[in-house]
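Overview (structure and organization)
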Amino acid sequence: MIEVIRQHLEDTATTLTAVEIAEDLDALVAGTAAKSGTAFVVPFRERAKPNSRSMGGHLQLVQVQFVVAFVIQQHSDAKGAARARAFDSFKTDIEQALAGWQPEEAEEPFELVGGESSSLGNNRSVYAQTWETSRFLTGDQP
(Lines give C-alpha, C1' and ligand atoms only; values in the text may rest on other atoms or scores of the structure.)
Protein backbone atom coordinates (compact mmCIF):
# COMPACT_ATOMS: atom_id res chain seq x y z
CA MET A 1 0.00 0.00 0.00
CA ILE A 2 2.94 2.35 0.65
CA GLU A 3 3.87 2.57 -3.04
CA VAL A 4 0.22 3.22 -3.99
CA ILE A 5 0.11 6.12 -1.51
CA ARG A 6 3.42 7.50 -2.78
CA GLN A 7 2.21 7.40 -6.38
CA HIS A 8 -1.13 9.00 -5.49
CA LEU A 9 0.62 11.89 -3.70
CA GLU A 10 3.04 12.32 -6.60
CA ASP A 11 0.10 12.51 -9.02
CA THR A 12 -2.16 14.80 -6.98
CA ALA A 13 -0.18 16.90 -4.46
CA THR A 14 1.37 19.39 -6.86
CA THR A 15 3.08 21.61 -4.28
CA LEU A 16 5.44 18.78 -3.34
CA THR A 17 8.88 18.79 -4.96
CA ALA A 18 9.15 14.99 -4.79
CA VAL A 19 7.53 12.06 -2.99
CA GLU A 20 9.73 9.28 -1.66
CA ILE A 21 9.48 6.30 0.70
CA ALA A 22 11.45 6.11 3.94
CA GLU A 23 11.82 3.24 6.39
CA ASP A 24 11.17 5.26 9.54
CA LEU A 25 11.07 8.81 10.83
CA ASP A 26 14.35 8.50 12.75
CA ALA A 27 16.20 7.62 9.54
CA LEU A 28 14.51 10.52 7.80
CA VAL A 29 15.49 13.01 10.50
CA ALA A 30 19.05 11.71 10.92
CA GLY A 31 20.10 11.09 7.38
CA THR A 32 18.24 13.08 4.79
CA ALA A 33 19.40 16.12 2.92
CA ALA A 34 16.23 16.14 0.86
CA LYS A 35 15.27 19.11 -1.23
CA SER A 36 12.80 21.49 0.41
CA GLY A 37 9.25 20.40 -0.35
CA THR A 38 10.06 16.69 -0.51
CA ALA A 39 7.54 14.40 1.16
CA PHE A 40 8.19 10.94 2.53
CA VAL A 41 5.67 8.13 3.01
CA VAL A 42 6.66 6.09 6.06
CA PRO A 43 5.04 2.85 7.32
CA PHE A 44 4.12 3.37 10.97
CA ARG A 45 1.87 0.97 12.86
CA GLU A 46 -0.61 -1.86 12.37
CA ARG A 47 -3.04 -3.07 15.02
CA ALA A 48 -5.09 -6.19 14.39
CA LYS A 49 -8.48 -7.02 15.85
CA PRO A 50 -9.11 -10.66 16.85
CA ASN A 51 -10.04 -13.18 14.18
CA SER A 52 -13.77 -12.75 13.65
CA ARG A 53 -14.40 -16.31 12.48
CA SER A 54 -14.47 -19.38 14.67
CA MET A 55 -14.66 -21.73 11.69
CA GLY A 56 -14.17 -21.62 7.95
CA GLY A 57 -11.15 -19.42 7.45
CA HIS A 58 -9.47 -16.43 8.94
CA LEU A 59 -10.70 -12.83 8.90
CA GLN A 60 -9.09 -9.99 10.86
CA LEU A 61 -9.55 -6.27 10.54
CA VAL A 62 -6.16 -4.55 10.69
CA GLN A 63 -5.90 -0.81 11.44
CA VAL A 64 -3.04 0.57 9.34
CA GLN A 65 -1.25 3.82 10.14
CA PHE A 66 1.34 5.55 8.00
CA VAL A 67 3.09 8.90 8.16
CA VAL A 68 3.50 11.51 5.47
CA ALA A 69 6.33 13.85 6.42
CA PHE A 70 7.62 16.77 4.39
CA VAL A 71 10.80 18.79 4.74
CA ILE A 72 10.99 22.58 4.50
CA GLN A 73 14.27 24.47 4.32
CA GLN A 74 14.57 28.24 4.28
CA HIS A 75 17.86 30.02 4.82
CA SER A 76 17.97 33.16 6.97
CA ASP A 77 15.03 31.91 9.05
CA ALA A 78 16.58 31.30 12.47
CA LYS A 79 13.22 31.35 14.31
CA GLY A 80 11.51 29.16 11.74
CA ALA A 81 8.62 31.56 11.14
CA ALA A 82 8.82 31.32 7.34
CA ARG A 83 9.06 27.53 7.53
CA ALA A 84 6.04 27.38 9.82
CA ARG A 85 4.06 29.57 7.40
CA ALA A 86 5.04 27.26 4.54
CA PHE A 87 3.51 24.26 6.35
CA ASP A 88 -0.02 25.36 5.47
CA SER A 89 0.19 24.99 1.69
CA PHE A 90 1.92 21.61 1.88
CA LYS A 91 -0.48 20.32 4.56
CA THR A 92 -3.50 21.47 2.57
CA ASP A 93 -2.28 19.78 -0.60
CA ILE A 94 -1.55 16.49 1.21
CA GLU A 95 -4.86 16.59 3.08
CA GLN A 96 -6.83 17.22 -0.12
CA ALA A 97 -5.06 14.26 -1.73
CA LEU A 98 -5.55 11.79 1.12
CA ALA A 99 -8.59 12.68 3.25
CA GLY A 100 -11.42 10.37 2.25
CA TRP A 101 -9.38 8.66 -0.48
CA GLN A 102 -9.64 4.88 -0.50
CA PRO A 103 -7.22 2.81 -2.57
CA GLU A 104 -8.22 -0.68 -3.62
CA GLU A 105 -6.03 -2.25 -0.89
CA ALA A 106 -7.85 -0.36 1.88
CA GLU A 107 -11.13 -1.29 3.51
CA GLU A 108 -11.93 2.26 4.67
CA PRO A 109 -11.12 5.76 3.40
CA PHE A 110 -8.03 7.47 4.83
CA GLU A 111 -8.47 9.63 7.92
CA LEU A 112 -6.04 12.08 9.47
CA VAL A 113 -5.00 11.08 13.00
CA GLY A 114 -2.75 14.05 13.80
CA GLY A 115 0.35 15.98 12.91
CA GLU A 116 3.33 17.75 14.41
CA SER A 117 6.37 19.74 13.39
CA SER A 118 9.97 19.51 14.48
CA SER A 119 13.11 21.47 13.76
CA LEU A 120 15.90 19.49 12.12
CA GLY A 121 18.49 22.23 12.60
CA ASN A 122 20.39 23.97 9.81
CA ASN A 123 17.26 26.00 8.89
CA ARG A 124 15.30 22.82 8.16
CA SER A 125 12.00 21.61 9.60
CA VAL A 126 9.87 18.55 9.12
CA TYR A 127 6.10 18.31 9.47
CA ALA A 128 4.70 14.81 9.94
CA GLN A 129 1.08 13.73 9.66
CA THR A 130 -0.21 10.35 10.76
CA TRP A 131 -2.96 8.83 8.61
CA GLU A 132 -5.09 5.74 9.20
CA THR A 133 -7.11 3.22 7.22
CA SER A 134 -7.85 -0.47 7.60
CA ARG A 135 -7.50 -3.67 5.64
CA PHE A 136 -8.64 -7.25 6.05
CA LEU A 137 -6.22 -10.08 6.74
CA THR A 138 -7.68 -13.29 5.36
CA GLY A 139 -6.55 -16.86 5.13
CA ASP A 140 -7.84 -20.37 4.79
CA GLN A 141 -7.40 -22.86 7.56
CA PRO A 142 -6.15 -26.32 6.53
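We now turn to the structure provided with this report. This one's a predicted model, so the numbers in the text were calculated from it and none came from an experiment. (Residues numbered from 1 in each chain as written. Predicted model: local features only at pLDDT ≥ 70, side-chain atom pairs only at ≥ 80, totals over all residues. Heavy atoms only, no water.)

1. Brief notes about the overall build of the protein chain
Along the backbone of the protein chain there are 3 helices and 5 strands. Going residue by residue from the N terminus, the α and β elements of the protein chain occur as α-β-α-β-β-α-β-β. Buried positions account for 39% of the 142 residues belonging to the protein chain. Here the contacts in the protein chain between residues at least 6 apart in sequence split such that 59% fall between residues at least 24 apart. (Helix = DSSP H or I, 4+ residues; strand = E, 2+ residues; numbered from the N terminus. Buried < 20%, exposed > 50% of the residue type's maximum accessible area, 1.4 Å probe, protein only. Contact = heavy atoms within 4.5 Å.)

2. Describing the packing of aromatic side chains
On inspection of all chains with the given rule, the structure shows 6 aromatic pairs. With a centroid separation of 6.0 Å and 75° between ring planes, the pair formed by F70 and F87 is classed as edge-to-face. You can see F70 sitting in strand 3 (residues 58–73) and its partner F87 sitting in helix 3 (residues 81–98), a full 17 residues away along the chain. There is no split in this pair, since F70 and F87 are both buried. One aromatic cluster is present, built from ring pairs that chain together F70, F87, F90 and Y127. (Phe/Tyr/Trp six-rings, centres within 6.5 Å; stacked < 30°, edge-to-face > 60°.)

3. Description of helix 1 (residues 2–12)
Every buried residue of helix 1 is listed here: I5, R6, H8 and L9. Viewed end-on, helix 1 has its buried residues packed into an arc of 165°, placing them on one side of the element. Contact partners of the buried residues in helix 1: strand 1 (18–21), strand 2 (38–48), strand 3 and helix 3. (Arc of directions from axis to C-beta.)

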